Structures are given as structure tokens and as C-alpha cells.
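What follows is the residue order along each chain.
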Amino acid sequence: MAEHFQVNTEKRQEATILTPHGDIDMGVSPQFREALKTAQESHPRRLVVNMGGVGYMDSSGLATLVEAMKLTRGDGTRLVLCALSDRVKAIFEIARLEKYFTITGDLDSAVQA
Amino acid sequence: MTDHHVQNPGDSGRPQGDGDPPPDLTLHMRSNPRLLAGAREMVASLARRLGFDEVSACQVALAVDEALANVIRHGYERREDGPIDMLVWLLAPEGNPDAAPTGLRVVIEDEGRQVDPELIKGRDLDDIRPGGLGVHIIREVMDQVQYEKRNAGGMRLTLVKRGGAVKDGGSPAGNPPAAAAHGRGSVNG
């Protein structure tokens, strides 16, 4: 449920890893956006969003990731998404946005990507 | 809502309002984003019971979530106290009205700002930018999509998703056919 949404942040090698937990909808996407923005401010070489804890995401979450992608592009940071569930992957496909993101199967490969 | 379409056959834009039964399920909610999770989980649960596979059920719930979010965002301009009604009818397979239902029609009514239905369009997907994806997702996922202005004010959105295969005897199959399973059925509206 939206009330339980949280985002954990850790650093591994040259990557900052954000791990959101919970559904991402318009009620919590401002919190997700803020976490991404804060992580981006330290200009990591790689910004990994581990989606393994996200069971559901709507277009507001997608929009937040598009916004982050645009920010990182101009900043030399590589944005990588990983561990998407089939349900979350489906929304990228419906919006035909999967080709614009680097998406890996798991966290280890995302950190190396 | 005061002009429930069931009392106003012919005003809904749905197929032949005459003789329409009352909705199988009605949800009255406020335009509070915290309530979206409950609404979509209810729809996903219902879709699963109708025989949709997990991804398809989630996509139907996503379309409803996007529709409700658009009402909150645009109809009520993020006010959290606007009334929204969600009415659900279970649909038997086309041509087999006595069979167990395998699809659903969802009608979402609000009292928010009215918009010319002709102006409600998804954005060009080649224009990669945040926002504007909700309408595209709704049209992509659902088989029928119709926006209309309500006579009493506000908007009405009718969404139809036909379900999957029906086994002999009318029981919903575990998995809908490919078109429904992938949310790529024909799109109207």
C-alpha cells in the first residue's frame, strides 16, 4: 500500500543504488522523485534503481524515471534499472519506453552495466 | 452522484442503456491519491477472478488507476475531497450471455472540470518526456474507451475489457487468449 512506500539508498563501488519498496503511484511518486533527485545531486558514475521491491508502478512512476533519465543524461551519470517484475516491465512495454532505458535482470549486473 | 447512468439509459454512450442491470459493484470514493491503491487492488482482484492472468489483471487495474489519477489531477486539480463513483458490470462473453462472466465494464464518474472528449488524447510516444502517458496507457490496455461530459457536470469514462477464453460449460479459462493477455485488443474511442 502507498503508506508503506520507502526508498533505501546505498553505495557500492561507483554506483549509488536506490531501492524503492512498495507500490509507486501518484500518491508516492513525489517521494520517489525526491530520492532520485537527491541521489543525482552527488553525481555518481552510475545510478542504479533496484525495482525488485516494487510490485506495481503507474505512469507517474514512469514519468519520474523519464525525468531522472533526462537529468542523468546531461550529467554523465549512467542510469540503470534492474530486477523489474513482469507487471512493472509490462508498463514500460505499453508505453514503449523500455528501449530508452538500460534495464538489467539483477542488481549485480546493474552495478557492472 | 445524482445522475447515475443506470437511471439515465441512453445518456451513457454505452451499448443500449435500456434494460441495463444495476452495476454489480459500486465504489464511492474521494479524490484522494491514498485511495488509489484500494481501488486498483479491488479491480485487479476482480479481474483475476474473471480469469485474467496476473499481468492482464494488473494492466486492467493500471488503466483504472490511470483514469482515477487523471480525475484527481485534472478534473479536481489535486483537490482531495471531490466525489468519484466507480461502477462495475461483469460481462459475459459476447454472443454467449448465459455463460459465466469473463470481462468487465468500468464506469468512472466525477463532478470535476469538464473537458471536450475530443481533446483527450494520449501524447506522441516518440516525444520522450515525463507526463501525458495515462491516456495512452488506458487506450492501449482496454478494448473500449469512451469519455463524455455528464449532463449534471463532470465527466464519465466508460472502459470495457473483454475477458479470455471460455471453457465448455461457461467457466472462465485460466488464461485469456493472446490478444487479451497482452492487453492488445482493439481500441475504440
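Just so it is clear, the model here is predicted, and its values are computed rather than measured.

(A) The interface of chain B and chain A, seen in detail. The interface is formed by 24 residues belonging to chain B together with 22 residues belonging to chain A. Secondary structure elements with two or more residues in the side of chain B that touches chain A: helix 1 (36-49), helix 2 (54-75) and helix 3 (134-141) of chain B. With 8 residues, helix 2 of chain B is the largest single contributor of residues to the side of chain B that touches chain A. When grouped by side-chain class, the residues that make up the side of chain B that touches chain A number 13 nonpolar, 5 polar and 6 charged.

(B) Highlighting the nonpolar core. All names here are of chain B. In terms of nonpolar packing, the biggest core is built from 77 residues, with Ala47, Val60, Ala61, Ala63, Ala67, Leu68 and Ile108 touching the most fellow members. Counting residues per element, this core draws most heavily on helix 2, at 12 residues. Setting aside its immediate chain neighbours within four residues, Ala63 contacts Ile137, Ile138, Val141, Met142 and Leu159.

(C) Representation of the sheet that holds strand 5 (residues 102-104) of chain A. All names here are of chain A. Pairing is mixed across the open sheet formed by 5 strands, whose spatial order is 1-2-3-4-5. Where the open sheet ends on each side, the last strands, each with one partner, are strand 1 (6-12) and strand 5. Strand-to-strand, the axes of this sheet are offset by a mean angle of 25°, without reference to chain direction. Where strand 4 (residues 78-82) lies against strand 5, 3 bridges are found, and the strand directions are parallel. Bridging across to strand 5, Leu81 finds its partner in Ile103.

(D) Highlighting the pairing of strand 3 (residues 46-50) of chain A. All names here are of chain A. Of all 5 residues making up strand 3, 5 are buried, and the element is well covered by its neighbours. With burial as the criterion, each face of strand 3 is covered, one bearing Arg46, Val48 and Asn50 and the other bearing Leu47 and Val49. Note that the unit made of strand 2 (residues 15-21), helix 1 (residues 29-41) and strand 3 has a crossover that is right-handed. In the sheet, strand 3 pairs with strand 4 via 5 bridges, with the strands oriented parallel. Residue pairing across strands places Val48 opposite Val80, the latter belonging to strand 4. Once the chain exits strand 3 it traverses helix 2 (residues 59-73) before rejoining the sheet at strand 4, and the crossover so formed is right-handed.

(E) Main features of unusual backbone geometry. Residue and element names in this part refer to chain A. If you check the backbone angles, Gln13 has positive phi at about 50° while not being a glycine. Phi angles above zero are rare outside glycine, and Ala83 is one such case at about 60°. By the element assignment, Ala83 lies in the loop between strand 4 and helix 3 (86-94). By C-beta crowding, Ala83 is classed as buried, having 20 other C-beta atoms within 10 Å.

(F) Geometry of helix 3 of chain A. Residues of helix 3 of chain A that are buried: Val88, Ala90, Ile91 and Ile94 of chain A. One side of helix 3 of chain A carries all its buried residues, which in axial view fall inside an arc of 150°. In this structure, the buried residues of helix 3 of chain A make contact with helix 2 of chain A together with helix 2 and helix 3 of chain B. Following helix 3 of chain A by one or two positions, Arg96 of chain A adopts a phi angle in the positive range, close to 55°.

Analysis parameters
Residues numbered from 1 in each chain as written. Chains lettered and ligands numbered in written order. Predicted model: local features only at pLDDT ≥ 70, side-chain atom pairs only at ≥ 80, totals over all residues. Contact = placed C-beta atoms within 7 Å. Helix = DSSP H or I, 4+ residues; strand = E, 2+ residues; numbered from the N terminus. Nonpolar A, V, L, I, M, F, W, Y, C, P; charged D, E, K, R; others polar. Core = buried A, V, L, I, M, F, W, Y, C linked by C-beta atoms within 7 Å. Buried ≥ 20, exposed ≤ 12 C-beta atoms within 10 Å, placed from the backbone. Pairing = 2+ DSSP bridges. Axes fitted to C-alpha atoms, helices over the stretch in contact; angles between N-to-C directions. Right-handed = clockwise from strand over helix to strand, strands pointing away. Arc of directions from axis to C-beta.

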